[in-house]
Amino acid sequence: MTLSNLQIRAAVVVSGLSLGFSVLAVRLVQLHVLRHEELRAEVARVHGQVVHRQGRRGDIRDCRGNLLANSLSTHIVTADPQVAAPQAVTIAQQLAPLLGMSESELVLKLTRGGRYVRLKPKVDIETAQKIRALKLKGIGFEDQFARSYPTGVLAAHVVGFVNAEHHGVQGIEAAMDDYLQGHAGYEVIERDRKGREIRAWRTEGISPRDGYHVVLTIDQVIQHIAETELDKAMAAHRPRGGVIIVTRPKTGEILAMSSRPTFDLNRPGNCSPDARRNRCISDVAEPGSTFKIAVVAGALNEGVVSLDDRFDCENGAFVYAGRVLHDAHPYGVLSVIEILFHSSNIGASKVALRMGAPRVYKYVRSFGFGRKTGVALPGEVSGIAHPLSKWTKLSITRIPMGHEIAVTPLQMLMAMNAVGNGGRLMRPLMVKEVLDGDGAPVAQYRPQAVAQVIQPRASILMTSALRKVVEPGGTAPKAAVKGYDVAGKTGTAQKIENGQYVNRYYSSFIGYLPAGDPEISILVSLDDPTVGGYYGGTVAGPVFREVAEKVAQYLGIPPQQLEPEAASIS
Amino acid sequence: MLQRNRKRASLHTGVIARSLLACLYVAAVGVGFIWYKNQIHRLGDEIRKHEATLAAMEKRNAMLAAQLAQLKSPAYLEARCREYGLELAAPRAGQMVRVVEPTAAWEAQLVRTIWSERSAAGAQRNLMVQQ
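A word on unusual backbone geometry. Residue and element names in this part refer to chain A. Following Arg260, the chain continues to Pro261 via a peptide bond in cis, the omega torsion being 0°. Inspection of the secondary structure puts Pro261 in the loop between strand S10 (254–260) and helix H11 (273–276). Although it is not a glycine, Ala321 adopts a positive phi angle of roughly 55°. Within the element layout of this structure, Ala321 appears in the loop between strand S12 (317–320) and strand S13 (323–326). In this structure, Ser343 is a non-glycine residue whose phi angle is positive, near 55°. Mapping Ser343 onto the fold places it in the loop between helix H14 (336–342) and helix H15 (345–355). A relative accessible area of 13% means that Ser343 is categorised as buried.

Looking now at the packing of aromatic side chains. Residue and element names in this part refer to chain A. Scanning the model with the defined rule gives eight aromatic pairs over all chains in all. On the basis of an interplanar angle of 35° and a centroid distance of 6.0 Å, the ring pair of Phe318 and Tyr320 is categorised as tilted. Relative accessible area serves as the criterion here: at 22%, Tyr320 is assigned to the partly exposed category. Feature note: the residues Tyr505, Tyr534 and Tyr535 constitute an aromatic cluster, connected by ring pairs. When the ring centre of Phe141 is taken as reference, the NZ or CZ atom of Arg132 above it lies at 4.4 Å. Positioned over the ring face of Tyr212 is Arg209, at 4.5 Å from the centre of the ring.

For the rest of this paragraph, the subject is the side chain of Ser459(A). Considering the arrangement of structural elements, one finds Ser459(A) in helix H19 (residues 456–467). Not counting residues within four places of it along the chain, the set of residues in contact with Ser459(A) comprises Val419(A), Gly420(A), Asn421(A), Gly422(A), Gly423(A) and Ile454(A).

So, about the environment of Thr217(A). Residues and elements named next belong to chain A. Structurally, Thr217 can be placed in the loop between strand S8 (213–216) and helix H10 (220–237). Separated by 37 residues in the primary sequence, Thr217 and Ile254 place their C-alpha atoms 5.9 Å from one another. Dropping the residues within four chain positions of it, Thr217 is found in contact with Cys63, Glu253, Ile254, Leu255, Leu429, Met430, Val431 and Lys432. A distance of 2.7 Å separates a polar side-chain atom of Thr217 from the backbone oxygen of Ile254.

So, about empty space enclosed by the protein. All names here are of chain A. Under the counting rule described, the total for this entry stands at two cavities of 30 Å³ or more. Counted as a void, the largest cavity has a volume near 260 Å³. Along the walls of the largest cavity sit 21 residues, with Val243, Ala285, Pro409, Tyr506 and Ser525 positioned nearest its centre. Taken together, the elements giving at least two residues each to the lining of the largest cavity come down to strand S9 (241–247), helix H18 (409–420), strand S22 (500–513) and strand S23 (520–527). Among the elements that make up the lining of the largest cavity, the one with the highest residue count is S23 (four residues). Taken together, the residues that form the lining of the largest cavity break down as eleven nonpolar, six polar and four charged.

Take the packing of helix H4 (residues 88–99) of chain A against helix H6 (residues 125–133) of chain A next. Residue and element names in this part refer to chain A. Contact geometry of H4 with H6 gives a least axis separation of 10 Å together with a crossing angle of 170°. Overall, the two elements H4 and H6 adopt an arrangement that is roughly antiparallel. Two secondary-structure elements touch here, H4 through Leu95, Leu98 and Leu99 and H6 through Thr127, Lys130 and Ile131. Class assignment for the residues of the contact of H4 with H6 results in four nonpolar, one polar and one charged.

The subject of this paragraph is the sheet that holds strand S6 (residues 185–190) of chain A. Residues and elements named next belong to chain A. Spatially, the three strands line up as an open sheet ordered S1-S6-S7, and their pairing is antiparallel. Of all the strands in the sheet, the pair left with one neighbour each is strand S1 (48–53) and strand S7 (204–206). Strand-to-strand twist in this sheet, taken as the mean axis angle between neighbours without regard to direction, amounts to 25°. Inspection of the sheet shows S1 paired to S6 by six bridges, in the antiparallel sense. Following the sheet pairing, Val51 is matched in S6 by Glu187. Running over the sheet, helix H2 (residues 36–47) touches S1 and S6 and is turned about 50° from S1.

A word on the interface of chain A and chain B. Residue-level contacts link 35 residues of chain A with 32 residues of chain B. A combined buried area of about 2,700 Å² lies between chain A and chain B, and 59% of that area is made up of carbon and sulfur atoms. In this assembly, chain A and chain B are joined by three salt bridges. Between Arg60(B) and Glu126(A) there is a salt bridge, with its nearest N and O atoms 3.3 Å apart. Linking chain A to chain B there are five residue pairs in polar contact (both at pLDDT 80 or more). Where the side of chain A that touches chain B is concerned, the elements lending two or more residues are strand S3 (67–79), H6, strand S5 (139–148), H10, helix H20 (536–555) and helix H21 (564–569) of chain A. Top element by residues in the side of chain A that touches chain B is S3(A). It accounts for six residues. Tallied by class, the residues present in the side of chain A that touches chain B amount to 13 nonpolar, eleven polar and eleven charged.

Here we take up the layout of surface pockets. Residues and elements named next belong to chain A. Of the volumes computed, that of the second largest pocket is approximately 850 Å³. Taken together, 32 residues form the lining of the second largest pocket, with His326, Asn345, Met401, Thr492 and Gln494 sitting closest to its centre. Taken together, the elements giving at least two residues each to the lining of the second largest pocket come down to S13, strand S21 (487–497), S22 and H20. Looking at the lining of the second largest pocket, the element that brings in the most residues is S21, giving five residues. Considered class by class, the residues forming the lining of the second largest pocket number eleven nonpolar, 17 polar and four charged.

Reading the values: rules and limits
- Residues numbered from 1 in each chain as written.
- Chains lettered and ligands numbered in written order.
- Predicted model: local features only at pLDDT ≥ 70, side-chain atom pairs only at ≥ 80, totals over all residues.
- Heavy atoms only, no water.
- Helix = DSSP H or I, 4+ residues; strand = E, 2+ residues; numbered from the N terminus.
- Buried < 20%, exposed > 50% of the residue type's maximum accessible area, 1.4 Å probe, protein only.
- Phe/Tyr/Trp six-rings, centres within 6.5 Å; stacked < 30°, edge-to-face > 60°.
- Lys NZ or Arg CZ within 6 Å of the ring centre and 35° of its normal.
- Contact = heavy atoms within 4.5 Å.
- Polar contact = N/O pair within 3.5 Å; in protein donor to acceptor, adjacent residues only side chain to side chain.
- 1 Å grid on protein atoms, 1.4 Å probe; cavity = no way out; pocket = protein on both sides within 12 Å on 5 of 7 lines; lining within 4 Å.
- Points joined across faces, edges and corners; volume = space filled by probe spheres on them.
- Nonpolar A, V, L, I, M, F, W, Y, C, P; charged D, E, K, R; others polar.
- Axes fitted to C-alpha atoms, helices over the stretch in contact; angles between N-to-C directions.
- Parallel < 35°, antiparallel > 145°, perpendicular 65-115°, else oblique.
- Pairing = 2+ DSSP bridges.
- Buried area = accessible area lost by both parts, 1.4 Å probe.
- Salt bridge = Lys/Arg side-chain N within 4 Å of Asp/Glu carboxyl O.

Here it is, written out as structure tokens:
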């Protein structure tokens with residue numbers, strides 16, 4: 001049997017094809033099976049990339065949603081000196097005006113060698129776009145978030161700031177860091193020859209999660225009022241420092257918290273550490289006469305005294321335990337109301353003596369002195385309230401006038417709030433809620449009562465006595481707000497330096513309005529005023545009036561007494 | 001012989017037709033696969049572009065929010081008011097007139113006053129007419 005030509009040709013073609021396919025099959029097996037791992041790794045190395053993406057840090061907003069802090073996307077402009085060096089001068093000429101750097105500085109960086117150099121961090125998006133448009137060789141960009149504080153110095157001590165790693169180091173930024181912090185994610189991507197991501201080949205990844213937004217109880221308008229008035233007081237009286245706190249007594253919400261000296265949140269490094277200290281919560285001082293409210297309220301609550309009970313104020317010099325206690329002015333016999341009205345140290349001491357040390361101590365602790373208020377800010381101190389066992393024989397006459405005890409301004413204001421708020425001590429509330437990116441609440445903070453320190457009846461009696469303080473003849477007539485029913489107490493505490501009392505003072509006034517149903521309470525305290533007097537009523541009282549009047553108008557708190565002309569018009 | 005040749009010719013036509021169909025099928029599947037893959041890539045590319053646009057808009061939004069917050073801040077507004085000499089400020093207590101909500105007793109008093117004024121005017125008119 002002989003094969004025909006056709007059959008031979010067919011056999012050759014089939015053999016050739018079989019051989020070809022066999023070679024291909026062998027090669028495929030070699031590439032896809034035998035060298036699979038090696039080649040896969042090579043491809044991943046060349047085209048693949050793990051991209052880490054940082055979540056944006058959450059915003060801080062005031063109670064009306066106004067932005068106090070947010071994170072802006074910026075860029076770090078980088079360079080590859082090996083590529084950029086040959087045209088360093090040209091590149092420097094084009095970049096210098098955009099980056100706000102000198103040409104010589106840029107040339108130095110572009111010619112220093114290596115493959116990577118940072119030219120400038122925190123370059124905004126628009127500038128980066130302009131640089132991109134120049135299409136400069138060897139110039140690159142890295143994403144970076146920069147924290148921005150649009151309101152600058154406003155509420156600087158409350159908002160706080162972040163460090164270079166974007167972690168909060170002070171204020172709400174630090175206290176709520178866990179909520180604010182964004183969480184990083186990653187993506188495994190592949191790029192084409194032009195370096196663009198091939199989206200369809202994105203294999204795995206975890207999306208970054210932006211941080212939550214924190215909404216404060218602070219109102220930026222009230223904060224501005226407080227800060228403006230505090231600045232005026234600083235200019236007028238030249239104290240070393242000062243604080244103003246505005247709260248809602250019924251809920252404990254802090255509407256404004258200002259401290260001087262202060263600093264710009266966008267440049268926290270450009271000030272002394274002293275300016276960064278929030279004096280409202282981290283400074284302790286003897287409160288002076290404002291502390292009388294705690295002792296007298298306690299005495300009224302215990303039924304030890306009534307407002308009409310009278311005490312001999314010894315004409316300004318009371319000898320007790322071998323030491324003489326003085327009043328600023330000599331007084332004879334005063335009722336309890338008059339003791340508060342004239343701020344008599346001797347009268348307050350005699351009220352405390354009638355109560356007895358254990359009960360005085362009980363109220364000192366009940367009003368929250370000697371322990372932290374629990375405000376959501378870092379750096380709060382407890383103050384000093386010595387245990388009863390450490391009291392000397394003199395303590396019972398000194399503590400009622402605000403000596404031998406050290407408190408923070410916030411503690412003192414919360415105690416005053418308890419007096420005005422039917423005796424309920426509230427926990428100060430600084431954070432209202434935490435929201436996610438869609439505005440849905442993640443956490444909400446409600447007003448929290450700490451204790452019922454005194455009964456409502458005692459609170460009413462105290463309020464009626466404290467109303468007198470701002471009346472003509474009281475210690476703070478300048479704190480009276482026209483049309484409003486105000487209750488308050490002055491404080492003029494001598495400072496201690498090197499263990500001795502010196503002729504320097506903390507001047508303060510704490511008050512609330514409307515006295516019968518308080519909507520706001522305000523503390524004003526100036527540390528060592530050197531111009532225009534030093535009495536609390538003279539120095540802090542007018543500041544209180546200015547703040548109270550403006551805040552009452554802003555919040556629409558109706559006045560209690562209409563002016564005659566207004567009444568007649570109506 | 002002729003019949004056998006006719007049979008072979010019809011066999012060839014059938015085989016060729018089937019082969020062509022098979023080739024067409026394979027080609028169609030191949031082209032479809034490539035088209036499908038191309039669509040995936042185009043879609044992926046579009047998603048990537050949209051993602052980039054969204055990210056850019058979010059960045060811009062954050063920047064504008066910060067700018068707006070700064071423009072709305074009380075300190076800035078106050079400074080601008082001063083700059084333009086607008087003398088805008090919250091009214092002081094003495095600059096405000098507060099109107100009391102009328103009570104029922106007050107309204108009754110008003111009605112009585114109006115009636116008494118009208119009756120007095122009427123009486124005077126009558127007196128003038130009589131004169």
